Amino acid sequence: MTSDTLTPNYTSQRRKSSIVAATFNLTATILGGGVLSLPLAFEKCGVMLGSLLMIVSMAITERALFLLCICARISGATTYGEVGKAAFGTKGEYGISMVLFVYLMFVTVAFMILVQDIWTSIVSMVARKDLDDVNQDWVLLVVLILMSPCFIQRSLHALRFNCYIGFASIPILLLALWHDVATEPIEMEPLQWTNSFNDVLFAFPIINLSFLCVFNVLPVQAALIRPSRKRMQLVIDGAIGFAFIIMIPFGICGYMYSGKNTDGNILNNIPAPSDWMAGGIGTQLFFLGRFGCGVTLTLAMPLMLLPCRDTLLELLDVALFGPHIVEPRGEKLPLLSRATSTMSERSVQDPIIVTKRNERRLNENSWVRYLLTFLILDVCYMVAIHAPGVAVVWSLVGSSMAFLIAFILPSACYIKIQQDSHFPNDESTAWLWFAQGLFVLAVIAVVACTSQSIIRLL
């Protein structure tokens, strides 16, 4: 019988995340800076088409996340890079880890730019100063210093409270947008369905980017208590579902608020009055929404930086101590097929004691972890304070790297791993068909959307 290979073991004490904690962790990863650009996507393709694209993106993202989890469970891998090693050898591990590292560096820079803009405007409003009188670089530096205890944590489980606070903050801005739209609707007929295919190619990468959390799904699976396939499916479905419930009204309300003048960062469409306390309920809600969004993005930065640092540690570890061994290890769990779907979790066989493999020596060294953390922070900070804006960063990663990381690489890895597998079954065949279709469609989307992005930049 085919079996899953889990590391740490199924009953390991190193697994500390409940389903709720894991779900909020993954949800907080999704509700990041990309959400602020969703109103622009709806402005480009319309309310009806935008909603349809959101549903499509949600569905394929959910399947792609679980596909990557299956790859890890089949191969015994614990990271995205190890999945690449299992599928394509050492070059696959190097390639995927490098792509993931570069992507996460870009995303961390984008988050820093957004955090800088948001907290600078908040400081100017609270201090009742002109925006030009507040030093943006110093504001960002102070935020990073205050967040340094979160940046040096070893695992995402330690940041579970960040997830709760972040998830509670982002709906405040949605409430403010809804209140303004309900009380002072703009005089326009909202676009329902665009006739411009170029606008669709522009909007779809933004929507896909807003759901992207593939770089955190394997750490979440590694930390989940009793990580059966059913429990991991609940985590993924819960995270994607919660994010969708918040993001689709956010995109629509943001578009209805700004109309044809919708910016790539919806906060740029919201005025920042110096005397916000004297304003009405709408002004105060917008201040709280801006503040809540600032809190959310600030707390989400470590959720980007930790996997970025861990990916760099993996690259250095492989370079210094040789490739990680990705062979069956840890604890094997029987797959829950239709015939065995009623098997309780208590029927799982006892842990198999095996030689420890795939050690990460650098990750065990706290000083190395601290050094790389602050090195990444320093590089991202210097890029963020000199970047012309967050739209430039999103345009560089949204149409190409996001599709590559979220869809192309997981499907390619699964196809290759299944070709080398000696345990084909009906379930694996269905997943293989899905992976092949996803790979083809994602490649077509990358070519079309990247070409459109290049044309727009030129």
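Residues numbered from 1 in each chain as written. Predicted model: local features only at pLDDT ≥ 70, side-chain atom pairs only at ≥ 80, totals over all residues. Heavy atoms only, no water.

Lay out the overall build of the protein chain with the relevant residues and their values.
Helix and strand content of the protein chain: 16 helices and 2 strands. Taking all 458 residues of the protein chain together, 55% fall into the buried category. Sequence separation of 24 or more characterises 86% of the internal contacts of the protein chain that already satisfy a separation of 6 or more. For the protein chain, the accessible area works out to roughly 20000 Å², and carbon and sulfur atoms hold 64% of it. (Helix = DSSP H or I, 4+ residues; strand = E, 2+ residues; numbered from the N terminus. Buried < 20%, exposed > 50% of the residue type's maximum accessible area, 1.4 Å probe, protein only. Contact = heavy atoms within 4.5 Å. Areas by Shrake-Rupley, 256 points an atom, 1.4 Å probe, with all protein chains shown as cover.)

Any chance you could break down a nonpolar patch on the surface for me, citing the residues and the numbers?
Side chains of Phe439, Val440, Leu441, Val443, Ile444 and Val447 sit close together on the surface and give an oily, nonpolar patch of about 520 Å² of accessible area. Structurally, Leu441 is set in helix H16 (residues 426–457). With a relative accessible area of 61%, Leu441 lands in the exposed category. (Patch = residues over 30% accessible without salt bridge, like charges linked within 9 Å, V, L, I, M, F, W, Y side chains within 5 Å. Salt bridge = Lys/Arg side-chain N within 4 Å of Asp/Glu carboxyl O.)

Quick rundown of the packing of helix H2 (residues 38–45) against helix H10 (residues 229–258)? Include the residues and the values.
Contact geometry for H2 and H10: axes closest at 7 Å, N-to-C directions at 65 degrees. Of the possible angle classes, the one that applies to H2 and H10 is roughly perpendicular. Crossing of H2 over H10 shows right-handed handedness. Here Leu38, Pro39, Phe42 and Glu43 of H2 come into contact with H10, specifically with Met247, Ile248, Phe250, Gly251, Ile252, Gly254 and Tyr255. Here the residues of the contact of H2 with H10 sort into 8 nonpolar, 2 polar and 1 charged. (Axes fitted to C-alpha atoms, helices over the stretch in contact; angles between N-to-C directions. Parallel < 35°, antiparallel > 145°, perpendicular 65-115°, else oblique. Left-handed = near helix turned anticlockwise from the far one by under 90°. Nonpolar A, V, L, I, M, F, W, Y, C, P; charged D, E, K, R; others polar.)

Please give an account of the side chain of Glu62 that cites residues and values.
Secondary-structure assignment places Glu62 in helix H3 (residues 47–75). Residue class for Glu62 comes out buried when judged on its relative accessible area of 12%. Reaching out from Glu62, the side chain makes a polar contact with the side chain of Arg63 at a distance of 2.7 Å. Excluding residues that lie within four positions of it along the chain, Glu62 makes contacts with Gln233, Ile236, Asp237 and Ile240. (Polar contact = N/O pair within 3.5 Å; in protein donor to acceptor, adjacent residues only side chain to side chain.)

So what about unusual backbone geometry? Which residues, and what values?
Unusually for a residue other than glycine, Arg226 sits at a positive phi of about 50 degrees. Tracing the chain through its elements places Arg226 in the loop between helix H9 (214–223) and H10.

Before we move on, could you go through the packing of helix H5 (residues 90–127) against helix H13 (residues 366–386) and cite the residues and values that matter?
Put simply, H5 and H13 touch, their axes get as near as 9 Å, and they point 55 degrees apart. Relative to H13, H5 is oriented oblique. Here the hand of the crossing between H5 and H13 comes out right-handed. Across from Phe101, Met105, Thr108, Val109, Met112, Ile113 and Gln116 in H5, the residues of H13 making contact are Ile376, Leu377, Val379, Cys380, Tyr381, Val383, Ala384 and Ile385.

So what's going on with the packing of aromatic side chains? Residues and values would help.
Tallied over the full model, the rule gives 8 aromatic pairs. Between Trp119 and Phe291, the aromatic rings sit 5.4 Å apart at their centres with planes inclined by 85 degrees, giving edge-to-face as the arrangement. Here Phe291 lies in helix H11 (residues 281–321) and Trp119 lies in helix H5, a separation of 172 residues in the sequence. Judged by relative accessible area, which is 16%, Trp119 ranks as buried. Exposure remark for Phe291: the relative accessible area of 36% places this residue in the partly exposed category. When the centroid spacing of 5.8 Å and the interplanar angle of 85 degrees are considered together, the rings of Trp431 and Phe434 count as edge-to-face. Here Trp431 and its partner Phe434 are both found in helix H16, 3 residues apart, which amounts to about one turn of the helix. (Phe/Tyr/Trp six-rings, centres within 6.5 Å; stacked < 30°, edge-to-face > 60°.)

Describe the confidence of the model for the protein chain, listing the residues and the values that go with them.
Overall, the prediction assigns the protein chain a mean pLDDT of 80, with 82% of residues at 70 or greater. Ranking the elements of the protein chain by mean pLDDT puts strand E2 (residues 331–334) last with 45 and H3 first with 94. Low confidence marks residues 326–357, where pLDDT is under 50. Its contacts with residues over four positions away, or in another chain, come to 66 contacts. (pLDDT = per-residue confidence, 0-100.)

Summarise H2; cite the residues concerned and give the values.
Given 3.6 residues per turn, any residue in an α-helix points the same way as the ones three and four places further on. Of all 8 residues that make up H2, 7 are buried, and the element is covered over most of its length. Every buried residue of H2 is accounted for by Leu38, Pro39, Leu40, Ala41, Phe42, Glu43 and Cys45. Looking at the buried positions of H2, the neighbouring elements they touch are H3, helix H8 (197–211) and H10. A positive backbone phi angle near 95 degrees is found at Gly46, which sits one or two residues after H2.

Any chance you could break down the pattern of salt bridges for me, citing the residues and the numbers?
Pairing between side chains of opposite charge can happen when their charged atoms approach one another. One pass over the structure, following the stated rule, counts 2 salt bridges. A salt bridge links Arg63 to Glu62; the nearest nitrogen and oxygen atoms lie 2.7 Å apart. Across the pair Arg309 and Asp310 runs a salt bridge whose closest N-O atoms are separated by 3.3 Å. Its relative accessible area of 0% is what places Arg309 among the buried residues.

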